Amino acid sequence: LISPGDVPPPVRAATVEAEGAMHPWLAAHLAAPLAGADRRRLLGAASLARLRAVYYGLIAEVDHQMGRILTALARCGELERTLVLFTSDHGEMLGDHWMLGKAGFFPQAFHVPLLVRLPDGARGHRVTALTEHVDLMPTVLSALGLPVPRQCDGTDLSDFLTGKPQRTTSRAAHWEHDFRDLVAGTYERALGLPSDACALATRFDGRHAYVHFAGLTPLCF
């Protein structure tokens, strides 16, 4: 569906070694085999362009199937009484920083889509404020007219859905990555860390990202 020549190139350093110089964890991660293959060959320009084209094609497939769901809801008269929400559990590095998958601390692995259609809600409104998955439960409960339990950590995003100015927004978004390898001990051996110290947490305020490692030097972008 998508031509490899039409996809944007990856965001990365010129070489795997130059990328890994950013941080010991990244160097250890890039030193490990990727799907049993050499990282440089698998993520070479031509091979990676094909991978990225397939991924964009899959996004188009999801978009098409979401359209079928909305059409079916409309045909049976349920669309205007249905809250439709689409999101994802994680992103995809897709060759950026010489990586594939969802590991690490880069936003490509954690910045996910959130599309919501509320009956009688705003249409075509794009939100640039920080939101998190913990916001979904209070938002859905509010749309259903149900009370939000005190243990919910998130923020009700209903004002965004109706086009009103949001009363409160999150000051930062947070994500974590547990990189323990309890089977092979890859990171434990490479970094000299116990398994319990193989973890990182990132705080992003819209401008700066602070990456805290349990047993390694922190980073700030």
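Placed above this text is the structure.
As the structure is a computational prediction, the values presented were derived from the model and not from experiment.

## Looking at the packing of aromatic side chains
Argument step 1. Scanning the entire structure with this criterion turns up 10 aromatic pairs.
Argument step 2. Between Phe105 and Phe213 the ring centres are 6.1 Å apart and the planes differ by 80°, which places this aromatic pair in the edge-to-face class. One end of the pair, Phe105, is in the loop between β1 (84–87) and β2 (114–117); the other, Phe213, is in strand β5 (residues 209–213), and 108 residues separate them in sequence. Across this residue pair, the class does not change: Phe105 and Phe213 are buried.
Argument step 3. Between Phe110 and Trp175, the ring centres sit 5.3 Å apart and the planes meet at 15°, which makes this aromatic pair stacked. With Phe110 in the loop between β1 and β2 and Trp175 in strand β3 (residues 173–178), this residue pair connects regions lying 65 residues apart in the sequence.
Argument step 4. Given the relative accessible area of 22%, Phe110 is considered partly exposed.
Argument step 5. Following the ring pairs from residue to residue traces out a cluster consisting of Trp25, Phe105, Phe106, Phe179, Tyr187, Phe213 and Phe221.
Argument step 6. Above the plane of the ring of Trp98 lies Arg12, whose end atom (NZ or CZ) is 3.7 Å from the centre.

## Here's the deal with the sheet that holds β5
Argument step 1. An order of β3-β4-β5-β6 is seen for the four strands of this open sheet, with the pairing classed as antiparallel. Across the chains shown, the open sheet's two edge strands, defined by having one partner strand only, are β3 and β6 (219–220).
Argument step 2. With two bridges connecting them, β5 and β6 associate as antiparallel partners. When the bridges of β6 are listed, Val211 appears paired with Leu219.

## A closer look at the nonpolar core
Argument step 1. Core analysis: the largest hydrophobic core is formed by 26 residues, its most contacted members being Trp25, Met99, Phe105, Phe179, Tyr187, Leu191 and Phe213.
Argument step 2. Elements with a contribution of two residues or more to this core: α2 (24–31), α7 (186–191) and β5.
Argument step 3. Looking at which element gives the most residues to this core, the answer is α2, with four residues.
Argument step 4. Look past the residues within four positions of Leu191 in its chain and what remains in contact with it is Pro24, Trp25, Ala28, Phe179 and Leu216.

What counts, and at which threshold
- Residues numbered from 1 in each chain as written.
- Predicted model: local features only at pLDDT ≥ 70, side-chain atom pairs only at ≥ 80, totals over all residues.
- Heavy atoms only, no water.
- Phe/Tyr/Trp six-rings, centres within 6.5 Å; stacked < 30°, edge-to-face > 60°.
- Helix = DSSP H or I, 4+ residues; strand = E, 2+ residues; numbered from the N terminus.
- Buried < 20%, exposed > 50% of the residue type's maximum accessible area, 1.4 Å probe, protein only.
- Lys NZ or Arg CZ within 6 Å of the ring centre and 35° of its normal.
- Pairing = 2+ DSSP bridges.
- Core = buried A, V, L, I, M, F, W, Y, C linked by side-chain atoms within 4.5 Å.
- Contact = heavy atoms within 4.5 Å.

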